[in-house]
Amino acid sequence: MAALKERYEIAKEAYRAMGVDTDRALEELKKIPISLHCWQGDDVIGFDGAGSLSGGIQTTGNYPGKARTPEELMADIDKVLSLVPGRHRVNLHASYAIFGDSQWVDRDRIEPKHFRKWVEFAKERGLGLDFNPTCFSHPKAEFGTLSSENPEVRRFWIDHCIACLRISEYFAEELGTPATMNIWIPDGFKDIPGDRTASRARLKDSLDQILASGYDRSKVNVAVESKVFGIGMESMTVGSHEFYMNYAAKNDILCLLDNGHYHPTEAVSDKISSMLLFFDKVALHVTRGVRWDSDHVVLFDDETREIAKEIVRNGADRVLLALDFFDASINRIAAWTVGMRSMEKALLYALLQPNRELAELQEKRDFTKLMMLMEELKCYPFGDVWNYYCEINGVPAKEDWYPAVMDYEKEVLSKRA
Ligand code: RNT
Ligand code: ZN
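Residues numbered from 1 in each chain as written. Chains lettered and ligands numbered in written order. Predicted model: local features only at pLDDT ≥ 70, side-chain atom pairs only at ≥ 80, totals over all residues. Heavy atoms only, no water.

**Regarding the overall build of the protein chain**
Along the backbone of the protein chain there are 14 helices and twelve strands. Its C-alpha atoms give the protein chain a radius of gyration of 22 Å, within 12% of the compact-globule value 22 Å for 417 residues. For the protein chain, the C-alpha atoms occupy an extent of roughly 65 × 55 × 40 Å along the three principal directions. Burial analysis of the protein chain (417 residues in total) assigns 55% to the buried set. (Helix = DSSP H or I, 4+ residues; strand = E, 2+ residues; numbered from the N terminus. Rg over C-alpha atoms; globule rule 2.2 N^0.38 Å. Buried < 20%, exposed > 50% of the residue type's maximum accessible area, 1.4 Å probe, protein only.)

**Overview of the coordination of the zinc ion (ligand 2)**
Only E225 (OE), D258 (OD), H285 (ND1) and D324 (OD) from the protein coordinate the zinc ion (ligand 2), and they sit 2.1 to 2.2 Å from it. The coordination sphere of the zinc ion (ligand 2) comprises six donor atoms, whose angles at the metal cover 71 to 169°; the geometry is octahedral. Spacing between the donor residues of the zinc ion (ligand 2) along the chain follows E-x32-D-x26-H-x38-D. Of the two residues, E225 sits in strand β6 (residues 220-225) while H285 sits in strand β9 (residues 282-286), which places them 60 residues apart along the sequence. Comparing E225 with H285 shows no difference in burial state: the two are buried. (Donors = N, O, S within 2.8 Å, 3.2 Å for Na, K, Ca; no water. Tetrahedral: all angles 85-135°; square planar, octahedral: opposite > 155°, others 65-115°.)

**Looking at the pattern of salt bridges**
Counted under the stated rule, the structure contains 29 salt bridges. The salt bridge partner of E28 is K31, with a shortest N-O separation of 3.1 Å. E28 sits in the partly exposed class, given a relative accessible area of 26%. The salt bridge partner of R416 is D76, with a shortest N-O separation of 2.8 Å. Placement of R416 in the segment after α14 (402-411) and of D76 in helix α3 (residues 70-81) is noted, with a sequence separation of 340 residues between them. In terms of burial, R416 and D76 fall into one category: buried. Via salt bridges that share partners, R68, E72, D76 and R416 belong to a single interconnected network. (Salt bridge = Lys/Arg side-chain N within 4 Å of Asp/Glu carboxyl O.)

**A few points about the site of ligand 1**
If you check the shell around ligand 1, you find 14 residues, and the closest are H93, E225, K227, H261 and D324. At 2.6 Å from an oxygen atom of ligand 1 is found a side-chain nitrogen or oxygen belonging to K227. The side chain of D324 places a nitrogen or oxygen atom 2.8 Å from an oxygen atom of ligand 1. Bound to the protein, ligand 1 loses 99% of the 310 Å² it would expose on its own. Counted by class, the shell around ligand 1 contains six nonpolar, three polar and five charged residues. (Near = heavy atom within 4 Å. Polar contact = N/O pair within 3.5 Å; in protein donor to acceptor, adjacent residues only side chain to side chain. Areas by Shrake-Rupley, 256 points an atom, 1.4 Å probe, with all protein chains shown as cover. Nonpolar A, V, L, I, M, F, W, Y, C, P; charged D, E, K, R; others polar.)

In structure tokens form, the structure reads like this:
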């Protein structure tokens, strides 16, 4: 164990020579919460009887052991959190309502009491909770939701989102930390539309009604998440980026950027600075799209690092950071853990950059030295700092977390036939 500390001390010297304070970086990292998406644990199914996933998103694979009950999902989340350094948050979808002994109600009628068990779970562990209306995987979501031409359908989803506002407020009150409530809808058209405006006008009106229902802005950060296309919605999505960016700006709510939701060569890392010049905060879904919005597990890759640099350089308190992926082809606990640890690593990597010096080099237009430094920094002893961070936070360093997942698979997951 002493070895990790020794290696850290050597790494610390190397970074110090570069003008980077590693102790400070570790302190800063500890303050950045990541909202862990509950839906990696059960392939985005939930507990309200939906049964299958719809809305143009898809999980592929059937690795054994997915969570089937709230108890199983909570146990799985506990396992993941025991392998990830830092204190984080849990991001729930409305479809994860727990009815227990109370009667099942449809999504327009859900109440805080259906999430009491989640609040107890979060309280016991000192976690914050975030929330999402579930406007998919439901018979009423087949032909549009908040933008639907059918007034009854549209009413249903407006009422669902209003119900979700109440639940988000309840989370914030109980846990003493504001909840982000993110609205994403799958509405769109497979083929060339005859009218692009009417559905967008209805979406605008629906959002107006939801916000007008009144909610405590100090408790709930409402966000809207755009998307360029979905399966079966290839030609037009109603909630496009321009739509939501303008809507959010005019109504003083937040825009959520999911890095799987843009054209493949567009980078969310390049959008954050612009957003933060016009908004107090920005919300993120960090994911990994492979050729399309495939929601692969987040890795410690170039774009995740670039996103992390923007978070760190613009002020981590201005970015509401959440993950969003769902892989059913590998052990789900490992998928979650790799994603969380990768995001943490990317944040640490960003905190270990001599950010001021890099900015100064740019101001001086010394692009040669800027490139040289950024490249050489890639070979700095980052791993020694990361391993030490894991150690002081009481979680396994390196690949040492993997046996715990394999034991859990053997003892718990494999028994979920
Ligand atoms: C879908 C969006 C959305 C969902 C989750 C389950 O493309 O990314 O955020 O993944 O709400
Ligand atoms: Zn998303």
